[in-house]
Amino acid sequence: MTLKRYGAGETGAGGKPLPFARAVEADGWLYVSGQVAMENGEIVPGGIVQQTKKTMENVIAILTEAGYGLEDVVRVGVWLDDPRDFWSFNGVYAEYFGATPPARACVQSSMMVDCKVEIDCVAFKRK
């Protein structure tokens with residue numbers, strides 16, 4: 001089995017090296033690390049709607065770089081900072097996955113950075 005890493009060795013806020021890859025591909029499976037609403041090293045301002053859109057844009061960018069699309073996503077993990085954001089988050093999320101959603105887990109959790117949502121996913125595409 002061969003592994004391909006995307007975005008390994010990148011830096012985060014303050015120029016500190018990040019000890020993980022943005023995604024790892026193995027035999028048709030793509031594991032995307034948790035993404036937040038980060039742009040140019042900073043969390044974008046705004047509420048759950050704006051942050052969910054930016055987070056999904058970041059997920060899509062990684063999927064695209066690796067040759068995958070949202071249609072290839074089989075599972076999504078979601079962490080919300082505030083459970084009261086659940087329905088607003090779902091409204092935005094449904095815009096991306098529509099009638100063919102993947103399996104998903106969604107939990108409330110304190111975040112490591114000052115964001116409202118974090119999303120990771122697993123995609124599969126037969127090679």
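Residue numbering note: each chain is counted from 1, following its sequence as written. Local features are withheld for residues below a pLDDT of 70 in this predicted model, meaning they are given only at 70 or higher, and side-chain atom pairs are given and counted only at 80 or more; totals for whole chains, interfaces and linings count all residues. In computing side-chain properties, one takes all heavy atoms of the structure into account and sets aside hydrogens as well as water.

The name an unreviewed UniProt entry gives the protein is Reactive intermediate/imine deaminase, with Aureimonas phyllosphaerae as the organism.

## Some details on the sheet that holds strand β6 (residues 73–80)
Pairing within the open sheet is mixed, and its six strands lie in the order β1-β2-β3-β8-β6-β7. Among the strands making up the open sheet, the edge pair consists of β1 (3–6) and β7 (103–108). The mean angle between the axes of side-by-side strands here comes to 10°, regardless of whether they run parallel or antiparallel. Running at roughly 30° to strand β8 (residues 117–124), helix α1 (residues 48–65) makes contact with β1, β2 (23–26), β3 (29–35), β6 and β8 of the sheet. Each of β6, β7 and β8 touches helix α2 (residues 86–97); the most contacted strand, β6, lies at about 155° to it. Between any two strands, pairing holds if DSSP finds at least two bridges. Starting at the N terminus, helices and strands are each numbered in turn, a helix being any DSSP run of H or I of at least four residues and a strand any DSSP run of E of at least two. For helices, the fitted line uses only the C-alpha atoms of the stretch in contact; every axis is such a line through C-alpha atoms, and the angle between N-to-C directions lies from 0 to 180 degrees. Note on contacts: a residue pair qualifies if any of its non-hydrogen atoms lie within 4.5 Å across the two residues.

## Quick word on α2
A helix is expected to span 1.5 Å multiplied by its residue count minus one. Its 12 residues place the ends of α2 16 Å apart at the C-alpha level, agreeing with the 16 Å of an ideal helix rising 1.5 Å per residue. Here α2 has its buried residues at Phe89, Asn90, Val92, Tyr93 and Phe97. Positioned one or two residues after α2, Gly98 has a phi angle of 50°, which is positive. For every residue, the accessible area obtained with a 1.4 Å probe (protein chains only) is divided by the maximum for its type, and the residue is called buried under 20%, exposed over 50%, and partly exposed between those limits.

## Here's the deal with the packing of α1 against α2
Where α1 meets α2, the closest approach of the two axes is 9 Å, and the angle between their N-to-C directions is 30°. Note on packing geometry: the crossing formed by α1 with α2 is right-handed. Across the interface between the two elements, Ile48, Val49, Thr52, Lys53, Met56 and Ile60 from α1 touch Ser88, Phe89, Val92, Glu95, Tyr96 and Phe97 from α2. The sense of a crossing depends on the near helix, which, turned anticlockwise from the far helix by less than a right angle, makes the crossing left-handed and, turned clockwise, makes it right-handed.

## Things to note about the packing of aromatic side chains
Pairing of aromatic side chains requires ring centres within 6.5 Å, counting the rings of Phe and Tyr and the six-membered ring of Trp. Pairs whose planes differ by under 30 degrees are stacked, by over 60 edge-to-face, and all others tilted. Taken as a whole and judged by the stated rule, the model has four aromatic pairs. On the numbers, 4.6 Å between centres and 50° between planes, the contact of Trp29 with Phe124 is tilted. Taken as a pair, Trp29 in strand β3 and Phe124 in strand β8 lie far apart in primary sequence, 95 residues in all. Sitting over a ring, as applied to charges here, requires NZ of Lys or CZ of Arg to be within 6 Å of the ring centre and within 35 degrees of the ring normal. Here Arg104 stacks its cationic end above the ring of Tyr93, 4.6 Å away from the centre of that ring. The residue whose ring lies beneath Lys125 is Tyr68, and the NZ or CZ to ring-centre distance is 6.0 Å.

## Some details on the pattern of salt bridges
Counted as salt bridges are all cases of a side-chain nitrogen of Lys or Arg within 4 Å of a carboxyl oxygen of Asp or Glu. Tallied over the full model, the rule gives four salt bridges. The shortest N-O distance in the salt bridge between Glu65 and Arg22 comes to 2.5 Å. In this pair, Glu65 is assigned in helix α1 and Arg22 in the loop between β1 and β2, connecting sequence segments 43 residues apart. Across the pair Lys54 and Glu57 runs a salt bridge, and its minimum N-O distance is 3.8 Å. Note that Lys54 and Glu57 are positioned in helix α1 at a spacing of three residues, about one turn of the helix. Judged by its relative accessible area of 44%, Glu57 is partly exposed.

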